[in-house]
Amino acid sequence: MNEHKIPVIIDCDPGIDDSFAIYFALNSSMLDVISIVSVAGNVPLSMTTSNACNLLGLVNSNVPVFAGSDGPLIGDAIEAKYAHGVNGLGGYVFKKEYTNNLQQGNGIEHMARILKSSEQPITIFAIGPLTNIAKLVLAYPDLVGKIDQVVVMGGGVIKGNYSSSAEFNIVADPLAAKVVFDAGLTCKIVPLDTTEYCYFDKEFLQALNQSSSLKAKTLYDIVNAKHNIESKEEDSKFYFHDMVTVMAVTNPQLFEFTPLHVDVELDGKITKGQTVFDQRSFNRQEPNSLLVTTKLREEIVAVASEVLTNE
Ligand code: RIB
Ligand code: CA
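Residues numbered from 1 in each chain as written. Chains lettered and ligands numbered in written order. Predicted model: local features only at pLDDT ≥ 70, side-chain atom pairs only at ≥ 80, totals over all residues. Heavy atoms only, no water.

A.B. asks: Would you mind going over the overall build of the protein in detail, with residue names and values included?
C.D. replies: When its secondary structure is counted, the protein shows 12 helices and 10 strands. Over its C-alpha trace the protein gives a radius of gyration of 18 Å, about what one expects of a compact globule, namely 19 Å for 311 residues. Overall size of the protein, expressed as C-alpha extent along the three principal axes, is 55 × 45 × 40 Å. Taking all 311 residues of the protein together, the buried fraction comes to 57%. Pairs at least 24 residues apart make up 83% of the contacts formed inside the protein by residues separated by at least 6 positions. Carbon together with sulfur atoms contributes 49% to the accessible area of the protein, which is approximately 13000 Å² in total. When the 23 basic and 37 acidic side-chain charges of the protein are each reduced to a single mean position, those positions are 2 Å apart. (Helix = DSSP H or I, 4+ residues; strand = E, 2+ residues; numbered from the N terminus. Rg over C-alpha atoms; globule rule 2.2 N^0.38 Å. Buried < 20%, exposed > 50% of the residue type's maximum accessible area, 1.4 Å probe, protein only. Contact = heavy atoms within 4.5 Å. Areas by Shrake-Rupley, 256 points an atom, 1.4 Å probe, with all protein chains shown as cover. Lys, Arg positive; Asp, Glu negative; His and termini not counted. Charge placed at Lys NZ, Arg CZ, Asp CG, Glu CD.)

Put into C-alpha coordinates, the structure is as follows:
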(Lines give C-alpha, C1' and ligand atoms only; values in the text may rest on other atoms or scores of the structure.)
(Ligands and ions follow the chains in the order given, each with its own letter.)
Protein backbone atom coordinates (compact mmCIF):
# COMPACT_ATOMS: atom_id res chain seq x y z
CA MET A 1 0.00 0.00 0.00
CA ASN A 2 1.25 3.49 -0.84
CA GLU A 3 0.92 5.57 2.34
CA HIS A 4 0.82 8.80 0.36
CA LYS A 5 -2.35 7.71 -1.45
CA ILE A 6 -5.83 6.98 -0.15
CA PRO A 7 -6.28 3.16 0.00
CA VAL A 8 -9.61 2.26 -1.58
CA ILE A 9 -11.79 -0.73 -2.36
CA ILE A 10 -14.30 -0.32 -5.20
CA ASP A 11 -17.50 -2.28 -4.66
CA CYS A 12 -19.34 -2.12 -7.94
CA ASP A 13 -21.74 -3.55 -10.54
CA PRO A 14 -20.15 -2.66 -13.92
CA GLY A 15 -22.08 -1.00 -15.47
CA ILE A 16 -21.26 1.74 -17.91
CA ASP A 17 -20.74 4.43 -15.29
CA ASP A 18 -18.94 1.99 -13.00
CA SER A 19 -16.42 1.64 -15.86
CA PHE A 20 -15.79 5.38 -15.79
CA ALA A 21 -15.35 5.22 -12.01
CA ILE A 22 -12.88 2.33 -12.21
CA TYR A 23 -10.71 3.95 -14.91
CA PHE A 24 -10.83 7.33 -13.19
CA ALA A 25 -9.74 5.72 -9.91
CA LEU A 26 -6.90 3.80 -11.61
CA ASN A 27 -5.63 7.02 -13.20
CA SER A 28 -6.01 9.22 -10.12
CA SER A 29 -2.78 10.18 -8.36
CA MET A 30 -4.79 10.42 -5.12
CA LEU A 31 -5.95 6.81 -4.90
CA ASP A 32 -4.41 3.39 -4.31
CA VAL A 33 -6.98 0.92 -5.64
CA ILE A 34 -6.42 -2.19 -3.54
CA SER A 35 -9.25 -4.37 -4.82
CA ILE A 36 -12.45 -4.47 -6.76
CA VAL A 37 -15.38 -6.44 -5.39
CA SER A 38 -18.32 -7.14 -7.67
CA VAL A 39 -21.98 -7.27 -6.73
CA ALA A 40 -25.15 -8.18 -8.62
CA GLY A 41 -26.85 -5.00 -9.74
CA ASN A 42 -27.12 -3.55 -13.21
CA VAL A 43 -26.68 -7.09 -14.53
CA PRO A 44 -26.18 -10.45 -12.76
CA LEU A 45 -23.05 -11.12 -10.70
CA SER A 46 -21.39 -13.27 -13.36
CA MET A 47 -21.53 -10.32 -15.78
CA THR A 48 -20.52 -7.59 -13.35
CA THR A 49 -17.57 -9.76 -12.33
CA SER A 50 -16.42 -10.51 -15.88
CA ASN A 51 -16.93 -6.87 -16.88
CA ALA A 52 -14.65 -5.80 -14.02
CA CYS A 53 -12.02 -8.37 -15.03
CA ASN A 54 -12.15 -7.32 -18.70
CA LEU A 55 -11.87 -3.62 -17.85
CA LEU A 56 -8.77 -4.29 -15.73
CA GLY A 57 -7.21 -6.91 -18.00
CA LEU A 58 -7.48 -4.70 -21.05
CA VAL A 59 -5.28 -2.05 -19.44
CA ASN A 60 -2.88 -4.51 -17.79
CA SER A 61 -3.97 -3.60 -14.28
CA ASN A 62 -3.04 -6.07 -11.57
CA VAL A 63 -5.84 -5.00 -9.22
CA PRO A 64 -7.54 -8.18 -7.96
CA VAL A 65 -11.27 -8.81 -8.47
CA PHE A 66 -13.34 -10.78 -5.97
CA ALA A 67 -16.95 -11.75 -6.59
CA GLY A 68 -19.42 -10.65 -3.91
CA SER A 69 -23.16 -11.11 -3.56
CA ASP A 70 -25.43 -12.44 -6.28
CA GLY A 71 -28.56 -10.80 -4.92
CA PRO A 72 -30.05 -8.69 -2.11
CA LEU A 73 -30.13 -9.61 1.57
CA ILE A 74 -33.80 -10.47 1.20
CA GLY A 75 -36.14 -10.57 -1.78
CA ASP A 76 -35.50 -10.92 -5.48
CA ALA A 77 -32.76 -9.25 -7.50
CA ILE A 78 -33.66 -6.43 -9.87
CA GLU A 79 -31.55 -5.29 -12.83
CA ALA A 80 -30.92 -2.15 -14.86
CA LYS A 81 -30.40 -3.58 -18.34
CA TYR A 82 -32.58 -0.75 -19.65
CA ALA A 83 -29.72 1.61 -18.80
CA HIS A 84 -26.66 -0.58 -19.25
CA GLY A 85 -27.63 -3.04 -21.99
CA VAL A 86 -27.89 -6.80 -21.76
CA ASN A 87 -24.23 -7.32 -20.85
CA GLY A 88 -23.88 -4.31 -18.57
CA LEU A 89 -21.57 -2.41 -20.94
CA GLY A 90 -24.08 -1.30 -23.54
CA GLY A 91 -23.38 -4.36 -25.64
CA TYR A 92 -19.69 -3.50 -26.00
CA VAL A 93 -17.63 -6.68 -26.42
CA PHE A 94 -13.93 -6.87 -25.61
CA LYS A 95 -11.70 -8.37 -28.31
CA LYS A 96 -10.73 -11.09 -25.86
CA GLU A 97 -11.80 -12.29 -22.41
CA TYR A 98 -9.44 -11.29 -19.58
CA THR A 99 -9.65 -13.57 -16.53
CA ASN A 100 -6.32 -13.13 -14.75
CA ASN A 101 -7.59 -10.55 -12.26
CA LEU A 102 -10.31 -12.85 -10.89
CA GLN A 103 -9.42 -14.28 -7.49
CA GLN A 104 -11.01 -17.24 -5.81
CA GLY A 105 -12.84 -16.55 -2.56
CA ASN A 106 -15.70 -14.46 -1.32
CA GLY A 107 -15.53 -10.68 -1.76
CA ILE A 108 -16.86 -9.92 1.72
CA GLU A 109 -14.27 -12.14 3.42
CA HIS A 110 -11.61 -10.52 1.23
CA MET A 111 -12.65 -7.05 2.35
CA ALA A 112 -12.46 -8.23 5.97
CA ARG A 113 -8.92 -9.54 5.38
CA ILE A 114 -7.88 -6.18 3.94
CA LEU A 115 -9.37 -4.29 6.89
CA LYS A 116 -7.72 -6.62 9.41
CA SER A 117 -4.26 -6.32 7.85
CA SER A 118 -4.27 -2.66 6.84
CA GLU A 119 -2.37 -0.13 8.96
CA GLN A 120 -4.35 2.66 7.29
CA PRO A 121 -8.15 2.99 7.47
CA ILE A 122 -9.75 2.02 4.15
CA THR A 123 -12.13 4.01 1.95
CA ILE A 124 -14.83 1.91 0.32
CA PHE A 125 -16.56 3.22 -2.81
CA ALA A 126 -20.01 1.62 -2.88
CA ILE A 127 -21.26 2.26 -6.39
CA GLY A 128 -23.67 -0.64 -6.73
CA PRO A 129 -26.30 -2.13 -4.42
CA LEU A 130 -24.99 -2.11 -0.83
CA THR A 131 -25.37 -5.85 -0.20
CA ASN A 132 -21.65 -6.58 0.18
CA ILE A 133 -21.06 -3.67 2.55
CA ALA A 134 -24.04 -4.65 4.70
CA LYS A 135 -22.78 -8.23 4.96
CA LEU A 136 -19.31 -6.92 5.87
CA VAL A 137 -20.49 -4.76 8.78
CA LEU A 138 -22.93 -7.42 10.01
CA ALA A 139 -20.39 -10.25 9.93
CA TYR A 140 -17.40 -8.21 11.16
CA PRO A 141 -18.69 -5.44 13.49
CA ASP A 142 -15.24 -5.23 15.09
CA LEU A 143 -13.80 -4.08 11.75
CA VAL A 144 -16.15 -1.09 11.28
CA GLY A 145 -13.50 1.08 12.96
CA LYS A 146 -11.00 0.16 10.21
CA ILE A 147 -13.31 1.64 7.54
CA ASP A 148 -12.38 5.29 7.11
CA GLN A 149 -15.48 6.07 5.08
CA VAL A 150 -18.04 4.48 2.81
CA VAL A 151 -18.74 6.70 -0.19
CA VAL A 152 -22.06 5.70 -1.70
CA MET A 153 -23.54 6.48 -5.08
CA GLY A 154 -27.17 6.14 -4.15
CA GLY A 155 -30.47 7.60 -3.21
CA GLY A 156 -32.18 10.81 -4.17
CA VAL A 157 -33.40 13.84 -2.27
CA ILE A 158 -36.23 14.78 -4.62
CA LYS A 159 -36.65 11.78 -6.93
CA GLY A 160 -35.57 8.36 -8.01
CA ASN A 161 -34.69 6.78 -11.32
CA TYR A 162 -35.67 3.12 -11.02
CA SER A 163 -39.02 4.36 -9.74
CA SER A 164 -40.38 7.85 -9.19
CA SER A 165 -39.19 7.65 -5.58
CA ALA A 166 -36.25 5.21 -5.52
CA GLU A 167 -32.76 5.23 -7.01
CA PHE A 168 -31.51 1.90 -8.38
CA ASN A 169 -28.63 1.09 -5.99
CA ILE A 170 -30.85 1.62 -2.97
CA VAL A 171 -34.01 -0.06 -4.18
CA ALA A 172 -31.98 -3.05 -5.40
CA ASP A 173 -31.32 -3.80 -1.72
CA PRO A 174 -33.10 -1.35 0.62
CA LEU A 175 -32.39 -3.37 3.76
CA ALA A 176 -28.68 -3.41 2.98
CA ALA A 177 -28.71 0.36 2.54
CA LYS A 178 -30.45 0.81 5.91
CA VAL A 179 -27.91 -1.49 7.60
CA VAL A 180 -25.01 0.51 6.14
CA PHE A 181 -26.49 3.92 6.95
CA ASP A 182 -27.14 2.84 10.57
CA ALA A 183 -23.77 1.11 11.12
CA GLY A 184 -22.07 4.12 12.68
CA LEU A 185 -19.79 4.60 9.67
CA THR A 186 -18.70 7.85 8.09
CA CYS A 187 -21.05 7.55 5.15
CA LYS A 188 -20.89 10.06 2.30
CA ILE A 189 -23.90 9.80 0.04
CA VAL A 190 -23.75 11.13 -3.52
CA PRO A 191 -27.41 11.18 -4.62
CA LEU A 192 -29.00 11.35 -8.05
CA ASP A 193 -29.62 15.07 -7.49
CA THR A 194 -25.85 15.58 -7.55
CA THR A 195 -24.90 13.03 -10.20
CA GLU A 196 -27.59 14.19 -12.64
CA TYR A 197 -26.62 17.84 -12.09
CA CYS A 198 -23.08 16.81 -13.03
CA TYR A 199 -23.99 15.66 -16.52
CA PHE A 200 -21.41 15.13 -19.26
CA ASP A 201 -21.83 16.00 -22.94
CA LYS A 202 -20.80 14.94 -26.44
CA GLU A 203 -17.75 17.21 -26.37
CA PHE A 204 -16.48 15.43 -23.26
CA LEU A 205 -16.94 12.04 -24.91
CA GLN A 206 -15.36 13.13 -28.18
CA ALA A 207 -12.30 14.34 -26.24
CA LEU A 208 -11.99 10.84 -24.76
CA ASN A 209 -12.11 9.33 -28.25
CA GLN A 210 -9.58 11.77 -29.64
CA SER A 211 -7.08 11.12 -26.84
CA SER A 212 -4.25 8.60 -27.00
CA SER A 213 -5.51 6.89 -23.85
CA LEU A 214 -6.68 3.29 -24.21
CA LYS A 215 -8.89 3.72 -21.13
CA ALA A 216 -10.48 6.89 -22.53
CA LYS A 217 -11.06 5.41 -25.97
CA THR A 218 -12.55 2.27 -24.46
CA LEU A 219 -14.96 4.32 -22.37
CA TYR A 220 -16.04 6.17 -25.52
CA ASP A 221 -16.60 2.85 -27.30
CA ILE A 222 -18.68 1.50 -24.40
CA VAL A 223 -20.96 4.56 -24.34
CA ASN A 224 -21.08 4.52 -28.14
CA ALA A 225 -22.22 0.89 -28.16
CA LYS A 226 -25.26 1.88 -26.12
CA HIS A 227 -26.00 5.36 -27.41
CA ASN A 228 -24.49 5.84 -30.89
CA ILE A 229 -23.03 9.13 -29.72
CA GLU A 230 -22.66 10.86 -33.08
CA SER A 231 -26.36 10.41 -33.74
CA LYS A 232 -27.22 12.33 -30.58
CA GLU A 233 -28.17 16.00 -30.46
CA GLU A 234 -25.30 18.35 -29.58
CA ASP A 235 -26.94 19.23 -26.26
CA SER A 236 -27.44 15.59 -25.22
CA LYS A 237 -26.59 14.77 -21.61
CA PHE A 238 -24.79 11.67 -20.36
CA TYR A 239 -24.64 10.58 -16.71
CA PHE A 240 -21.69 8.88 -15.08
CA HIS A 241 -23.03 8.73 -11.53
CA ASP A 242 -20.29 6.47 -10.16
CA MET A 243 -17.37 8.55 -11.44
CA VAL A 244 -18.79 11.70 -9.83
CA THR A 245 -18.94 9.68 -6.60
CA VAL A 246 -15.22 8.82 -6.77
CA MET A 247 -14.45 12.51 -7.41
CA ALA A 248 -16.06 13.45 -4.10
CA VAL A 249 -12.95 11.85 -2.54
CA THR A 250 -10.28 12.85 -5.07
CA ASN A 251 -11.56 16.44 -5.45
CA PRO A 252 -13.46 17.28 -2.24
CA GLN A 253 -12.93 20.98 -2.84
CA LEU A 254 -15.49 20.75 -5.64
CA PHE A 255 -18.22 19.42 -3.36
CA GLU A 256 -20.17 20.31 -0.22
CA PHE A 257 -20.82 17.82 2.60
CA THR A 258 -23.90 18.34 4.77
CA PRO A 259 -24.47 16.21 7.91
CA LEU A 260 -28.02 14.82 7.70
CA HIS A 261 -30.00 11.83 8.93
CA VAL A 262 -31.06 9.50 6.15
CA ASP A 263 -33.52 6.65 6.39
CA VAL A 264 -34.68 4.12 3.82
CA GLU A 265 -38.26 3.09 3.14
CA LEU A 266 -38.40 -0.70 3.26
CA ASP A 267 -42.09 -1.41 2.78
CA GLY A 268 -43.80 1.37 0.83
CA LYS A 269 -46.04 0.24 -2.01
CA ILE A 270 -44.87 3.11 -4.22
CA THR A 271 -41.96 4.34 -2.10
CA LYS A 272 -39.93 1.19 -1.40
CA GLY A 273 -36.23 2.10 -1.60
CA GLN A 274 -36.81 5.82 -1.17
CA THR A 275 -34.13 7.67 0.79
CA VAL A 276 -35.56 10.20 3.21
CA PHE A 277 -33.16 12.94 4.34
CA ASP A 278 -34.26 14.77 7.49
CA GLN A 279 -33.95 18.45 6.55
CA ARG A 280 -36.47 19.80 9.04
CA SER A 281 -35.70 23.16 10.59
CA PHE A 282 -36.42 21.65 14.04
CA ASN A 283 -36.43 18.24 15.75
CA ARG A 284 -33.96 16.88 13.27
CA GLN A 285 -32.72 13.36 13.92
CA GLU A 286 -29.02 12.89 14.68
CA PRO A 287 -27.10 12.85 11.36
CA ASN A 288 -25.86 9.44 10.18
CA SER A 289 -24.51 10.57 6.81
CA LEU A 290 -22.96 13.38 4.83
CA LEU A 291 -25.07 14.43 1.85
CA VAL A 292 -22.72 15.31 -1.03
CA THR A 293 -23.76 18.18 -3.31
CA THR A 294 -22.05 20.54 -5.72
CA LYS A 295 -22.58 23.63 -7.87
CA LEU A 296 -19.36 23.20 -9.87
CA ARG A 297 -20.31 20.97 -12.80
CA GLU A 298 -17.94 22.50 -15.32
CA GLU A 299 -14.98 22.14 -12.99
CA ILE A 300 -15.89 18.50 -12.33
CA VAL A 301 -16.18 17.76 -16.06
CA ALA A 302 -12.81 19.39 -16.71
CA VAL A 303 -11.07 17.36 -13.99
CA ALA A 304 -12.70 14.14 -15.24
CA SER A 305 -11.49 14.82 -18.78
CA GLU A 306 -7.95 15.57 -17.61
CA VAL A 307 -7.67 12.45 -15.45
CA LEU A 308 -9.28 10.04 -17.92
CA THR A 309 -7.18 11.15 -20.90
CA ASN A 310 -3.97 11.15 -18.88
CA GLU A 311 -2.90 7.54 -19.42
O1 RIB B 1 -28.74 4.88 -10.21
C2 RIB B 1 -27.43 4.87 -10.72
C3 RIB B 1 -26.63 3.77 -10.11
O4 RIB B 1 -27.25 2.52 -10.40
C5 RIB B 1 -25.22 3.66 -10.70
O6 RIB B 1 -24.35 3.11 -9.76
C7 RIB B 1 -25.42 2.72 -11.86
O8 RIB B 1 -24.23 2.02 -12.21
C9 RIB B 1 -26.42 1.76 -11.26
O10 RIB B 1 -25.69 0.81 -10.47
CA1 CA C 1 -22.99 1.18 -10.39
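A.B. asks: Describe in detail the packing of helix α1 (residues 16-27) against helix α10 (residues 214-227), supporting the description with residues and values.
C.D. replies: Running from N to C, α1 and α10 point in directions that differ by 175 degrees, and their axes come no closer than 10 Å. The angle between α1 and α10 falls in the class roughly antiparallel. When α1 is examined against α10, the residues Ile 16, Ser 19, Phe 20, Tyr 23, Leu 26 and Asn 27 are found in contact with a partner set consisting of Lys 215, Thr 218, Leu 219, Ile 222, Val 223 and Lys 226. Of the residues belonging to the contact of α1 with α10, the class tally is 7 nonpolar, 3 polar and 2 charged. (Axes fitted to C-alpha atoms, helices over the stretch in contact; angles between N-to-C directions. Parallel < 35°, antiparallel > 145°, perpendicular 65-115°, else oblique. Nonpolar A, V, L, I, M, F, W, Y, C, P; charged D, E, K, R; others polar.)

A.B. asks: Outline the coordination of the calcium ion (ligand 2), supporting the account with residue identities and numerical values.
C.D. replies: Summarising the metal site, the calcium ion (ligand 2) is bound by the protein donors Asp 13 (OD), Asp 18 (OD), Asp 18 (OD), Ile 127 (O) and Asp 242 (OD), whose distances to it range over 2.2 to 2.6 Å. Along the chain, the residues donating to the calcium ion (ligand 2) are arranged with the sequence spacing D-x4-D-x108-I-x114-D. Of this pair, Asp 13 sits in the loop between β1 (6-12) and α1 while Asp 242 sits in helix α11 (residues 241-250), and the two are 229 residues apart along the sequence. A single burial state applies to Asp 13 and to Asp 242, both of which are buried. (Donors = N, O, S within 2.8 Å, 3.2 Å for Na, K, Ca; no water.)

A.B. asks: Give a detailed account of the site of ligand 1, specifying residues and quantitative values.
C.D. replies: Near ligand 1 you find 13 residues, and of these Asp 17, Asn 161, Glu 167, Asn 169 and Asp 242 are the closest. Between ligand 1 and Asn 42, the relevant distance is 3.1 Å, taken from an oxygen atom to a side-chain nitrogen or oxygen of the residue. In this structure, an oxygen atom belonging to ligand 1 sits 2.6 Å away from a side-chain N or O atom of Asp 242. Contact with the protein chains covers 97% of the free accessible surface of ligand 1, which is 270 Å². Applying the majority rule of atoms within 2 Å of the grid points places ligand 1 in the largest pocket. Mapped by element, the contributors of at least two residues to the shell around ligand 1 are α1, α6 (168-171) and α11. In the shell around ligand 1, the residues fall into 3 nonpolar, 5 polar and 5 charged. (Near = heavy atom within 4 Å. Polar contact = N/O pair within 3.5 Å; in protein donor to acceptor, adjacent residues only side chain to side chain. 1 Å grid on protein atoms, 1.4 Å probe; cavity = no way out; pocket = protein on both sides within 12 Å on 5 of 7 lines; lining within 4 Å. Sits in = over half its atoms within 2 Å of the grid points.)

Note that all results are geometric; they support no functional claim without further evidence.
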